[in-house]
Amino acid sequence: MTDGVLRRTLHTASAAVLLLVPWMSWTVCRNVIFGAALLAVVVEAVRLRVPRIGRALMSAVPVYRAAEGERPSGAMWLAVGYALAALFAPPASVAGILVSATADPAASWIGSTAPARRGKTWRGSAAHLVVAAAVLAACGVPWSLVVGAAAVATAVERWVAPVDDNLVVAPAVAATVAWFQ
């Protein structure tokens, strides 16, 4: 499995925290998400401040990009983004987390099939929009809101630089669904 495939697989699998919802209250699930985000921030702080630990972690878990040797990882930003989305009540929070977990890896995968170029592709953005819309519809978001919320998710994912898109997609979707539902 290549590093990119492993990274996309872990990104998608990160939404597995939502599997707790049927067995626990949303409050417990939200607290698990907050705890995971706090743990991610602590791990990243240690990784970045203690070079020996950072090198060992980056070697043991081959999903870090080269630029993440000097800055927080996308995984940490994803966990914090999930925590921000979890501030909203379901179904908005669940929709935000699921869109972030699935649409970004789909965009990465489809975008990587485009002719070689640096940065985000329109092909990847189109995949992001389609997957986001499908996830929102599956979450029971009203059809009148599906396209708009998917467009917000895709716009934020494409144009938020220099902020990591993993931080903003989930809360942007959750806020859009919560405010307009």
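Below is a summary of the structure that appears in this document. What you see as residue numbers is a count from 1 along each chain, following the sequence as written. Per-residue local features of the predicted model are confined to residues with pLDDT of at least 70, and side-chain atom pairs are confined, for both listing and counting, to 80 or more; whole-chain, interface and lining totals are unaffected and use all residues. Based on all heavy atoms of the structure, the side-chain values leave hydrogens and waters out of the count.

1. Concerning the nonpolar core
Leu-18, Trp-26, Cys-29, Ile-33, Tyr-82, Ala-85 and Ile-97 are the most contacted members of the largest nonpolar core, which has 20 residues in total. Examining the composition of this core, we find that six residues originate from one element, helix H4 (residues 74–85), more than from any other. Grouping buried Ala, Val, Leu, Ile, Met, Phe, Trp, Tyr and Cys residues that are joined through side-chain atoms within 4.5 Å yields what is termed a nonpolar core. Summary of the burial criterion: residues with accessible area below 20% of their type's maximum are buried, those above 50% are exposed, and those between are partly exposed, where the area comes from a 1.4 Å probe applied to protein chains only. Ala-92, Ala-103, Val-146 and Ala-149 belong to the second-largest nonpolar core, a separate cluster that totals 18 residues. To qualify as a helix, a DSSP run of H or I must reach at least 4 residues; to qualify as a strand, a run of E must reach at least 2; elements of each kind are numbered from the N terminus.

2. Describing helix H5 (residues 92–111)
Expected helix span is given by 1.5 Å per residue-to-residue step, counting one fewer step than there are residues. Taking 1.5 Å of rise per residue, the 20 residues of H5 would be expected to cover 28 Å, and the 27 Å separating its terminal C-alpha atoms lies within 8% of that figure. H5 sits mainly inside the fold: 15 of its 20 residues count as buried.

3. Focus: the state of the cysteines
Pairs of cysteine sulfur atoms within 2.5 Å are what we label disulfides. As enumerated under the stated definition, the model contains zero disulfides in all. We note that Cys-29 lacks a disulfide partner, and the nearest cysteine sulfur, in Cys-139, lies 13 Å from it. For Cys-29, a relative accessible area of 0% gives the class buried.

4. Quick look at a nonpolar patch on the surface
For patches, a residue must show more than 30% relative accessible area and have no salt bridge; joins then use 9 Å for like charges and 5 Å for nonpolar side chains, namely Val, Leu, Ile, Met, Phe, Trp and Tyr. Only the protein chains shown count as cover for residues, and all accessible areas are computed by the Shrake-Rupley method using a 1.4 Å probe. The term salt bridge refers to a side-chain nitrogen of Lys or Arg lying within 4 Å of a carboxyl oxygen of Asp or Glu. A contiguous nonpolar surface patch, about 510 Å² in accessible area, is contributed by Leu-19, Trp-23, Met-24, Val-28 and Val-32. For Leu-19, a relative accessible area of 56% corresponds to the exposed category.

5. Considering the packing of helix H2 (residues 26–49) against H4
Direction vectors running N to C along H2 and H4 enclose 150 degrees, while the axes themselves pass 8 Å from each other. Classified by the interaxial angle, the pair formed by H2 and H4 is roughly antiparallel. Crossing angle aside, the handedness with which H2 passes H4 is left-handed. Touching Ile-33, Phe-34, Ala-36, Ala-37, Ala-40, Val-41 and Glu-44 of H2 are Met-76, Ala-79, Val-80, Tyr-82 and Ala-83, all from H4. Gly is put with the polar residues, along with every residue not named as nonpolar or charged; the nonpolar set is Ala, Val, Leu, Ile, Met, Phe, Trp, Tyr, Cys and Pro, and the charged set is Asp, Glu, Lys and Arg. Along the lines of polarity and charge, the residues of the contact of H2 with H4 split into 11 nonpolar, no polar and one charged. Every axis corresponds to a line fitted to the C-alpha atoms, with the helix fit spanning only the stretch in contact, and the corresponding angles, defined between N-to-C directions, vary from 0 to 180 degrees. For classification purposes, an angle smaller than 35 degrees is called roughly parallel, one larger than 145 roughly antiparallel, one from 65 to 115 roughly perpendicular, and anything else oblique. Whether a crossing is left-handed or right-handed is set by the direction in which the near helix is turned from the far one by less than a right angle, anticlockwise for left-handed and clockwise for right-handed. Contacts are residue-level and defined by heavy atoms, with any inter-residue pair within 4.5 Å sufficient.

6. Some points on the packing of aromatic side chains
Think of it this way: a Phe, Tyr or Trp ring, Trp meaning its six-membered ring, pairs with another when their centres are within 6.5 Å, and the plane angle makes it stacked under 30 degrees, edge-to-face over 60, tilted otherwise. All chains considered together, the criterion is met by two aromatic pairs. Considering the side-chain rings of Phe-88 and Trp-179, the 6.5 Å spacing of their centres and the 80 degrees angle between planes classify their relative orientation as edge-to-face. One end of the pair, Phe-88, is in the loop between H4 and H5; the other, Trp-179, is in helix H8 (residues 165–180), and 91 residues separate them in sequence. Judged by relative accessible area, which is 65%, Trp-179 ranks as exposed.

These figures capture arrangement, not role.
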